[in-house]
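# Report on the structure
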Amino acid sequence: MSAVFKFSYISSLYLTFCLLLVLALSAKNYDATLCHDDERQALLQFKSGLVDETDRLASWVDETSDCCNWAGITCDNITGHVHKIHLPGICAYPSDYNTIKEYNKAIRQMLRGDISQSILYLKQLEHLDLSCNGFRGIQIPRFMGSLGNLRYLNLSHSSFGGTIPPQLGNLTELEVLCLGSFYEAYEFFFLTANKLNSKHFRGTY
């Protein structure tokens, strides 16, 4: 009887050890940096082209940190690839504020500058939202038409100008396209919608 008890006791200790080992390894994997180095560098280059007066991207600073924890960034929990950049600003109109000071404060929170071609390194990017920022008349980059996995693209109310590039028609996975407050957007919406294959495509203009 004592031999059986001894065996049972040793088995319990062994199982407890195995359980603790599994938990330790799981915790280690959980704490590990999820972000891919090349995608982190691509995001840092993207940030370098932007003017960010109010430090909305203050978390985008450490070249060794997990970019999946940066403001506005979402990664796939398994692969670690960046699949979402969500950086909408504030759609500010003077009538929405009591004073010019309040309005100017809201305006300062808008990102502006240039959009870096480095985002092409984000091969699994599905969602890009830069709406309600202030890009001061720059043209939507043609290279955005090469973001082949995009399903959601929102550039509305961000003061883009010039001609809307027809290359956006190459985004065959696109389901949502928002280009509100853009010159000739109405005409472009129908042109692009006819070229896209998604059954659930919808757009705003």
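Data block above holds the structure.
Heads up: these notes are all about the structure in this document. This one's a predicted model, so the numbers in the text were calculated from it and none came from an experiment. (Residues numbered from 1 in each chain as written. Predicted model: local features only at pLDDT ≥ 70, side-chain atom pairs only at ≥ 80, totals over all residues. Heavy atoms only, no water.)

With that settled, the discussion passes to the overall build of the chain. When helices and strands are counted, the chain shows four helices and eight strands. When its helices and strands are written in sequence order, the chain yields α-α-β-β-β-α-β-β-β-β-α-β. Counting across all 205 residues of the chain, residues that qualify as buried make up 37%. Residue pairs in contact within the chain that sit at least 24 positions apart in sequence constitute 61% of those at least 6 positions apart. With an accessible surface of roughly 12300 Å², the chain has 55% of that area assigned to carbon and sulfur atoms. (Helix = DSSP H or I, 4+ residues; strand = E, 2+ residues; numbered from the N terminus. Buried < 20%, exposed > 50% of the residue type's maximum accessible area, 1.4 Å probe, protein only. Contact = heavy atoms within 4.5 Å. Areas by Shrake-Rupley, 256 points an atom, 1.4 Å probe, with all protein chains shown as cover.)

This next bit is on the pairing of strand 3 (residues 82-86). Bridging between strand 2 (residues 73-75) and strand 3 involves three bridges; their strand directions are antiparallel. Counterpart to T74 in the pairing with strand 3 is K84. Linking strand 2 to strand 3, which pair antiparallel, is a turn of six residues; within it G80 sits at a positive phi near 80°. Here strand 3 runs beside strand 5 (residues 127-129); their pairing, made up of three bridges, is parallel. Looking at strand 5, one finds that H86 is bridged to D129. (Pairing = 2+ DSSP bridges.)

By definition, a disulfide links two cysteine residues through a covalent bond between their sulfur atoms. Tallying each qualifying case throughout the model produces three disulfides. Each sulfur of the disulfide joining C68 and C75 lies 2.1 Å from the other. Across the disulfide from C68 to C75, rotation about the S-S bond amounts to roughly -95°, and the bridge is consequently left-handed. One exposure class covers both C68 and C75, and it is buried. Paired through a disulfide, C91 and C132 show a sulfur-sulfur distance of 1.5 Å. (Disulfide = S-S within 2.5 Å.)

A word on the packing of aromatic side chains. Counted by the stated rule, this structure contains four aromatic pairs. Consider the rings of F46 and W60, whose centres lie 6.3 Å apart with planes at 35°: the pair is tilted. Within this pair, whereas F46 is found in helix 2 (residues 37-48), its partner W60 is found in the loop between strand 1 (50-51) and strand 2, the two being separated by 14 residues in sequence. Each member of the pair, F46 together with W60, is buried. Between the aromatic rings of F135 and F160, the centroid separation amounts to 4.9 Å while the plane-to-plane angle is 15°, which identifies the pairing as stacked. Of the two residues, F135 is situated in the loop between strand 5 and strand 6 (152-154) and F160 in the loop between strand 6 and strand 7 (176-178); the sequence distance between them amounts to 25 residues. Taken as a pair, F135 and F160 share a single burial class, namely buried. Taken together through their ring pairs, the aromatic side chains of F46, W60 and W70 make up a single cluster. (Phe/Tyr/Trp six-rings, centres within 6.5 Å; stacked < 30°, edge-to-face > 60°.)

Bringing helix 2 into the picture now. Residues separated by three or four positions in an α-helix point in the same direction, a consequence of the helix having 3.6 residues per turn. Between its first and last C-alpha, helix 2 extends 17 Å over twelve residues, near the 16 Å set by a 1.5 Å rise per residue. In this structure, the buried residues of helix 2 make contact with strand 1, strand 2 and strand 3. (Expected span 1.5 Å × (residues − 1).)

Function-wise, these values are silent; they only describe arrangement.
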